[in-house]
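# Structure at a glance
What follows is the residue order along each chain.
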Amino acid sequence: MTAATLTISSRNYSSWSLRGWLVCRMAGLDFETELLSGNDASTRAELLHLSPSFLVPRLCHGDIVVWDTLAIAQYLNEIRPEAGFLPKDPVARAHCRSIAGEMHGGFINLRSALPMNIKARHTRFQIFNGARGDIDRLVTIMEECLSRYGGPYLFGEAPSLADAMLAPVCSRFVTYAVPVSAGAAAYRDTILAWPLMQEWIEAALAEPDEIEELDMEF
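Per an unreviewed UniProt entry, the recorded name for the protein chain is Glutathione S-transferase family protein, and the organism is Methylobacterium adhaesivum.

Here's what the structure looks like:
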């Protein structure tokens, strides 16, 4: 069996690490998780949004090295097509790819204004207009998919690549008490109850607080 290692930066703070870990677990890959220290300068730069390029999450699978969450998902889809990352219907499959790509390349205001922090709770957090536009778009995506494909996940009864990509958003909605529609709230709760998310959250809560800048009071 080919050895595999997924390198991540933080379970509590890194949304991209979460996405990479989710797709590896969804693919049924047997892998070890390597956690970088929060004291490492490059790790801090990535988590504080100061580095535009960071090679984490990074999957090492035998002689193959793949970084970037979407690239990892595409690789796993090639070697584990039975994982069901994408719907079988070609129209739904294109829709799923589009949502994953939009999440991968967009929503910059949301990322900056509402960084992932699973441990934190901010009940009266002020959401500025830029981030509000991103939130509205995400809620639209959730509602449209639930209406079109029947839920409880974006593309039906089983999680897809799009759900893995939006999972950190659901965590942010809880951290910052973001008001959303009833449909989006139901989807948020579905994702947070997903056993893989529960496993990640449990590990994140046990993670030492090494990045003091991200634990500041907003």
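### Description of the side chain of Asn117
Its location among the elements puts Asn117 in the loop between helix H5 (108-113) and helix H6 (129-149). Given a relative accessible area of 4%, Asn117 falls into the buried group. There is a polar contact of 3.0 Å between the side chain of Asn117 and the side chain of Asn12.

### Quick notes on helix H7 (residues 161-175)
Within H7, the axis deviates most sharply at Ala167, by approximately 35°, and proline Pro168 lies no more than four positions further along. In terms of burial, H7 is a largely internal element, 14 of the 15 residues being buried. Of the residues trailing H7, Ala177 is marked for its positive phi of about 50°.

### Quick look at the pattern of salt bridges
Inspection of every chain in the model, using the stated rule, returns 4 salt bridges. The partner of Arg137 in a salt bridge is Glu102, and the shortest N-O contact between them spans 2.8 Å. Of this pair, Arg137 sits in helix H6 while Glu102 sits in helix H4 (residues 90-105); the two residues are 35 residues apart in sequence, bridging distant segments of the chain. A relative accessible area of 34% means that Arg137 is categorised as partly exposed.

Calculation criteria
Residues numbered from 1 in each chain as written. Predicted model: local features only at pLDDT ≥ 70, side-chain atom pairs only at ≥ 80, totals over all residues. Heavy atoms only, no water. Helix = DSSP H or I, 4+ residues; strand = E, 2+ residues; numbered from the N terminus. Buried < 20%, exposed > 50% of the residue type's maximum accessible area, 1.4 Å probe, protein only. Polar contact = N/O pair within 3.5 Å; in protein donor to acceptor, adjacent residues only side chain to side chain. Bend = angle between axes of the 7 residues up to and from the residue. Salt bridge = Lys/Arg side-chain N within 4 Å of Asp/Glu carboxyl O.

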